[in-house]
Amino acid sequence: MMDQERARAYHRLQLRLSAVRLGLGAAYLAALIATGWAARLADALAALTPRWWIQLAAALLVLGGGYRLATLPLAWLAGFWLPRRFGLLHQPLRQWALDAVKAAAPGAALGLAAAEIVYAFLRASPWWWLWSALAFLAMSTLLTLVAPVWLVPLFYRLEPLPDPALRDRLLRLGARAGVPVIGVWVADQSRKSRTANAAVTGLGRTRRIIVFDTLLARFTPDEIEAVLAHELGHHAHADIWRGLLVQSALTLATFLVADPALRAGAAALSLRGPADLAGLPLLALIVLALSLLALPLGNGWSRRVERQADDFALRTTGNAPAFISAMERLGALNLAEREPHPVKEFFLHSHPSIGRRVARARRLPGSPG
Ligand SMILES: [Zn+2]
């Protein structure tokens with residue numbers, strides 16, 4: 001029970017920090033609009049260069065960079081101080097900061113590319129919401145394709161699963177499930193944290209299961225098999241593709257609703273149309289609000305997919321006790337909330353709670369108690 005109190009305390013603090021960060025972000029954007037700073041910045045940049053895409057990049061650098069700097073202490077609290085206090089991180093500050101910079105660089109590049117795409121279409125067509133959503137689908141597909149070979153290695157050393165006995169089990173599992181087996185790579189998470197996890201990443205030839213070395217070190221072979229079977233379930237159900245399509249549908253819906261909101265806001269602020277750079281914080285605020293609304297939809301979909309992968313794992317291994325003890329071990333290592341408040345789970349959780357996953361495995365025919 002002690003652990004559950006710690007888990008609840010940890011997640012309560014993290015949730016508060018997220019709420020503060022979100023509130024600050026929204027207030028910052030609203031202030032940029034209300035004070036006229038955004039308009040003044042847009043004018044100043046227009047005086048410097050006639051090229052709109054350079055103006056946009058500069059505005060993003062100033063506004064986005066300012067926000068990142070201002071919220072640096074919050075990022076440190078949520079990403080470093082709090083996880084360390086709760087034993088979820090043992091990485092030294094230098095390493096952690098290096099990882100954060102390595103994550104921020106591609107993040108900023110992607111954010112810039114996304115903004116340039118949206119504004120290029122905003123300037124060119126009233127159908128910007130459709131073209132932008134399609135361009136985002138292409139971009140995220142490409143990103144998914146290269147992530148396991150270009151992005152993950154920035155943060156982890158990866159090596160093929162060394163254990164021949166485990167490889168054999170996985171092959172048998174795939175054969176039993178009628179799924180072509182995919183490669184398993186081990187990531188050295190233990191250098192940073194005790195937390196355990198596994199995931200299917202990539203598309204086509206880059207598709208693979210990545211599993212943390214912490215999981216291999218702390219779980220029994222039966223439990224590891226249960227986790228790998230869950231990942232194989234994602235593979236069998238083409239969940240990466242389904243996820244890309246669902247995310248794109250949500251993006252499309254977000255942009256579709258953002259369009260009239262942006263036009264109305266731009267008119268109310270007497271901007272020169274929706275593509276006016278002075279409206280950048282307005283567009284950001286609208287997209288932020290709509291993404292919050294889309295969050296429970298995306299997470300609800302994700303929990304459904306996770307449940308299906310659990311069912312697949314239980315069916316193919318026929319070993320509910322191993323699945324259950326794997327879940328319990330994951331929950332303990334990752335300091336998961338066993339039974340989060342249903343409202344919180346509904347809005348924020350991409351996976352069903354450990355309590356639900358265990359209960360479902362117990363209800364399965366032929367499983368213990
Ligand atoms: Zn999963």
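### Some words on the pairing of strand E4 (residues 208-212)
Where burial is concerned, most of E4 is hidden: five out of the five residues are buried. Both faces of E4 are covered, namely the face carrying Arg208, Ile210 and Phe212 and the face carrying Ile209 and Val211. The sheet contact formed by strand E2 (residues 184-187) and E4 spans four bridges and is parallel. Considered in E4, the bridge of tryptophan 185 is made with isoleucine 210. Sheet analysis places strand E3 (residues 198-201) next to E4, joined by four bridges and oriented antiparallel. Counterpart to alanine 199 in the pairing with E4 is isoleucine 210. Hairpin connection, E3 to E4: the antiparallel pair is bridged by six residues, and glycine 202 has positive phi, about 80°.

### As for the sheet that holds strand E1 (residues 158-160)
In space, the four strands of this open sheet follow the order E1-E2-E4-E3, with mixed pairing throughout. Every interior strand has two partners, whereas the edge strands, E1 and E3, have only one. Shown here is a sheet whose adjacent strand axes are inclined to one another by a mean of 30°, direction ignored. Relative to E2, E1 is paired through three bridges, and the arrangement is antiparallel. If you follow leucine 158 over to E2, its bridge partner there is alanine 187.

### Here's the deal with the packing of helix H12 (residues 320-333) against helix H14 (residues 354-363)
Across the interface, H12 lies against H14 with an axial gap of 9 Å and an inter-helix angle of 170°. As summarised for this structure, H12 and H14 are arranged roughly antiparallel, according to the angle between their axes. Contacts between H12 and H14 involve Ala320, Phe323, Ile324, Met327, Glu328 and Gly331 from the first element and Ile354, Arg357, Val358, Ala361 and Arg362 from the second. Of the residues assigned to the contact of H12 with H14, the class counts are seven nonpolar, one polar and three charged.

### Section: the coordination of the zinc ion
The protein atoms that coordinate the zinc ion are His230 (NE2), His234 (NE2) and Glu306 (OE), at distances of 2.0 to 2.1 Å. Taken in chain order, the donor set of the zinc ion reads H-x3-H-x71-E. One end of the pair, histidine 234, is in helix H9 (residues 221-236); the other, glutamate 306, is in helix H11 (residues 280-317), and 72 residues separate them in sequence. Residue classification places histidine 234 among the buried positions, given a relative accessible area of 9%. A relative accessible area of 8% means that glutamate 306 is categorised as buried.

### A look at a nonpolar patch on the surface
There is a patch of nonpolar side chains on the surface, built from Leu15, Leu22, Leu292, Leu295, Val343, Phe346, Phe347 and Leu348 and spanning about 650 Å² of accessible area. When residues of the nonpolar patch are traced back to their parent elements, those giving at least two are helix H1 (2-34), H11 and helix H13 (342-348). Inspection of the secondary structure puts phenylalanine 346 in helix H13. With relative accessibility at 44%, the residue phenylalanine 346 sits in the partly exposed group.

### A few points about H1
With 33 residues, H1 should reach 48 Å at 1.5 Å per residue; the first-to-last C-alpha distance of 48 Å fits that figure. Of the residues making up H1, those classed as buried are Gln4, Ala7, Ala9, Tyr10, Gln14, Leu17, Gly25, Leu29, Leu32 and Ile33. On the buried face of H1, the contacting elements are helix H2 (37-48), helix H3 (52-70), helix H4 (72-85) and H11. Among the residues trailing H1, glycine 36 stands out with phi positive, at a value near 80°.

### Overview of the pattern of salt bridges
Taken as a whole, this structure holds 14 salt bridges when the rule is applied. The salt bridge partner of aspartate 99 is lysine 102, with a shortest N-O separation of 3.8 Å. Residue aspartate 99 and its partner lysine 102 are both found in helix H5 (residues 93-124); the two are separated by three residues, about one turn of the helix. Put simply, lysine 192 and aspartate 99 hold a salt bridge, and the shortest N to O gap is 2.9 Å. Pair noted here: lysine 192 is in the loop between E2 and E3 and aspartate 99 is in helix H5, with a separation of 93 residues, a long-range link. Bridged by salt links that share partners, the residues Asp99, Lys102 and Lys192 form one connected network.

### Observations concerning the domain arrangement of the protein chain
Entries for the protein chain in the domain assignment read domain 1 (2-159 + 234-363) and domain 2 (160-233). Here the C-alpha centre of domain 2 lies 26 Å away from the C-alpha centre of domain 1. Contacts between the two partners involve 45 residues from domain 1, matched on the other side by 45 residues from domain 2. The junction of domain 1 with domain 2 conceals about 3900 Å² of combined surface from both sides, 60% of it contributed by carbon and sulfur atoms. When the buried area of domain 1 at its contact with domain 2 is split by residue, Glu159, His235 and Leu333 rank highest and sum to 20% of it. Put simply, domain 1 and domain 2 have two salt bridges between them.

### Focus on the nonpolar core
Of all hydrophobic cores here, the largest spans 37 residues; its most connected members are Val184, Ile209, Leu215, Phe219 and Phe323. A per-element tally of this core places H12 first, with seven residues. Look past the residues within four positions of phenylalanine 219 in its chain and what remains in contact with it is Ala196, Ile224, Val227, Ala326, Arg329, Leu330 and Leu333. Core analysis: the next-biggest nonpolar cluster, separate from the first, contains 31 residues, Ala38, Leu45, Tyr119 and Trp128 among them.

### Side note on unusual backbone geometry
In terms of backbone geometry, most residues other than glycine have negative phi values and most peptide bonds are trans. The phi dihedral of serine 270 falls on the positive side, at around 55°, and the residue is not glycine. By secondary structure assignment, the location of serine 270 is in the loop between helix H10 (239-268) and H11. Positioned with a positive phi, leucine 335 is a non-glycine residue whose angle comes to about 50°. Among the structural elements, leucine 335 can be located in the loop between H12 and H13. You can call leucine 335 buried: its relative accessible area is 3%.

Definitions and cut-offs
- Residues numbered from 1 in each chain as written.
- Predicted model: local features only at pLDDT ≥ 70, side-chain atom pairs only at ≥ 80, totals over all residues.
- Heavy atoms only, no water.
- Buried < 20%, exposed > 50% of the residue type's maximum accessible area, 1.4 Å probe, protein only.
- Helix = DSSP H or I, 4+ residues; strand = E, 2+ residues; numbered from the N terminus.
- Pairing = 2+ DSSP bridges.
- Axes fitted to C-alpha atoms, helices over the stretch in contact; angles between N-to-C directions.
- Parallel < 35°, antiparallel > 145°, perpendicular 65-115°, else oblique.
- Contact = heavy atoms within 4.5 Å.
- Nonpolar A, V, L, I, M, F, W, Y, C, P; charged D, E, K, R; others polar.
- Donors = N, O, S within 2.8 Å, 3.2 Å for Na, K, Ca; no water.
- Patch = residues over 30% accessible without salt bridge, like charges linked within 9 Å, V, L, I, M, F, W, Y side chains within 5 Å.
- Areas by Shrake-Rupley, 256 points an atom, 1.4 Å probe, with all protein chains shown as cover.
- Salt bridge = Lys/Arg side-chain N within 4 Å of Asp/Glu carboxyl O.
- Expected span 1.5 Å × (residues − 1).
- Domains from an automatic or database assignment.
- Buried area = accessible area lost by both parts, 1.4 Å probe.
- Core = buried A, V, L, I, M, F, W, Y, C linked by side-chain atoms within 4.5 Å.

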